[in-house]
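Structure assessment
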Amino acid sequence: MTVFLILGLAGLALLAVSLVVGEVLDGALDVLPGDAFSTAVVGGFVSAFGFGAAAADGAGVPLLPALLAGGGCGVVVAWFAAWLTGLVRGGSSDATPSTGDSIGRSGRVVSGIPDDGYGTVRVAVGGHVLQLNARADRALDAGTEVHVTGVLSPTAVRVAPVWDDLP
């Protein structure tokens, strides 16, 4: 039972090191295909194997069934660690909003838009506030609520006033 507990503690230590330091066994596990075997997976397997076999041995189970119970626990925890590691690695953050993402969004004129020139508008896109150059079919005063109807360039949009603000 002592050997199993030592294996369980060693697996926990390896798992803790992989969480704090990162991938420790990176070069050693590169010969295996895919990312199924990482330091977290190996640490989870070793610790679950050790503690599972120790629990079975402590319950009076003979050695071979205790080893099988430990192996089963190790496989389950290793699978969960691989799934969780893949989930964390595969999760990406959202891209920075672009001018094209503002089409159809409402905003407000910050600096007036003249008949023949550009003004600026602020538009909320996905929790980000974009301040963009804007052109409209008619002059719009600061504070006017507008909708973005098109993209003129990476920094400029075409806007139209909302229905309530039409003359």
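All figures in this text were calculated on a predicted structure; none of them were measured in a lab. (Residues numbered from 1 in each chain as written. Predicted model: local features only at pLDDT ≥ 70, side-chain atom pairs only at ≥ 80, totals over all residues. Heavy atoms only, no water.)

Before going further, it helps to examine the overall build of the protein. Helix and strand counts for the protein come out as 3 helices and 5 strands. Each helix and strand of the protein, placed in order from N terminus to C terminus, yields the pattern α-α-α-β-β-β-β-β. Within the protein, the fraction of its 167 residues that count as buried is 31%. Across the protein, contacts joining residues at least 24 apart in sequence account for 50% of those joining residues at least 6 apart. For the protein, the exposed area adds up to about 10000 Å²; of that, 65% sits on carbon and sulfur atoms. (Helix = DSSP H or I, 4+ residues; strand = E, 2+ residues; numbered from the N terminus. Buried < 20%, exposed > 50% of the residue type's maximum accessible area, 1.4 Å probe, protein only. Contact = heavy atoms within 4.5 Å. Areas by Shrake-Rupley, 256 points an atom, 1.4 Å probe, with all protein chains shown as cover.)

Next up on the list: the environment of Ala136. For Ala136, the position within the fold is in strand β3 (residues 128–136). For Ala136 and Pro161, which are 25 residues apart along the polypeptide, the C-alpha to C-alpha distance reads 8.5 Å. Once you skip the residues sitting within four places of it in the chain, Ala136 turns out to touch Ile113, Asp115, Arg158 and Val159.

Before going further, it helps to spend a moment on the pairing of strand β2 (residues 119–125). The buried fraction of β2 is high, at 5 of 7 residues. Direction of pairing for β2 relative to β3: antiparallel, over a ladder of 7 bridges. Note on β3: the bridge partner recorded for Ala124 is Val129. Connecting β2 to the next strand, β3, in antiparallel fashion are 2 residues, including Gly126 with a positive phi near 55 degrees. (Pairing = 2+ DSSP bridges.)

Take the side chain of Thr120 next. Mapped onto the elements of the fold, Thr120 is located in strand β2. Residue classification places Thr120 among the buried residues on the basis of a relative accessible area of 15%. Polar contacts involving the side chain of Thr120 include one to the side chain of Ser111, which spans 2.8 Å. Once residues within four sequence positions are removed from consideration, Thr120 is found in contact with Arg108, Val109, Val110, Ser111, Gln131, Leu132, Asn133 and Ala134. (Polar contact = N/O pair within 3.5 Å; in protein donor to acceptor, adjacent residues only side chain to side chain.)

A few words on the packing of aromatic side chains. If you walk through the whole model with that rule in mind, you get 4 aromatic pairs. When the ring of Phe4 is compared with that of Phe49, the centres are 6.4 Å apart and the planes differ by 90 degrees; the resulting orientation is edge-to-face. Of this pair, Phe4 sits in helix α1 (residues 2–20) while Phe49 is found in helix α2 (residues 39–58), placing the two residues 45 residues apart along the sequence. Ring geometry for Trp79 against Trp83: centres 6.4 Å apart, planes inclined by 10 degrees, an arrangement best described as stacked. (Phe/Tyr/Trp six-rings, centres within 6.5 Å; stacked < 30°, edge-to-face > 60°.)

In spatial order, the strands read β1-β2-β3-β5-β4; together these 5 strands close into a barrel with mixed pairing. The mean angle between the axes of side-by-side strands here comes to 50 degrees, regardless of whether they run parallel or antiparallel. In this sheet, strand β4 (residues 145–153) lies alongside strand β1 (residues 106–111) in antiparallel orientation, the contact comprising 3 bridges. Of the residues in β4, the one forming a bridge with Ser106 is His147. (Axes fitted to C-alpha atoms, helices over the stretch in contact; angles between N-to-C directions.)

The values reported here are purely geometric and, on their own, carry no functional implication.
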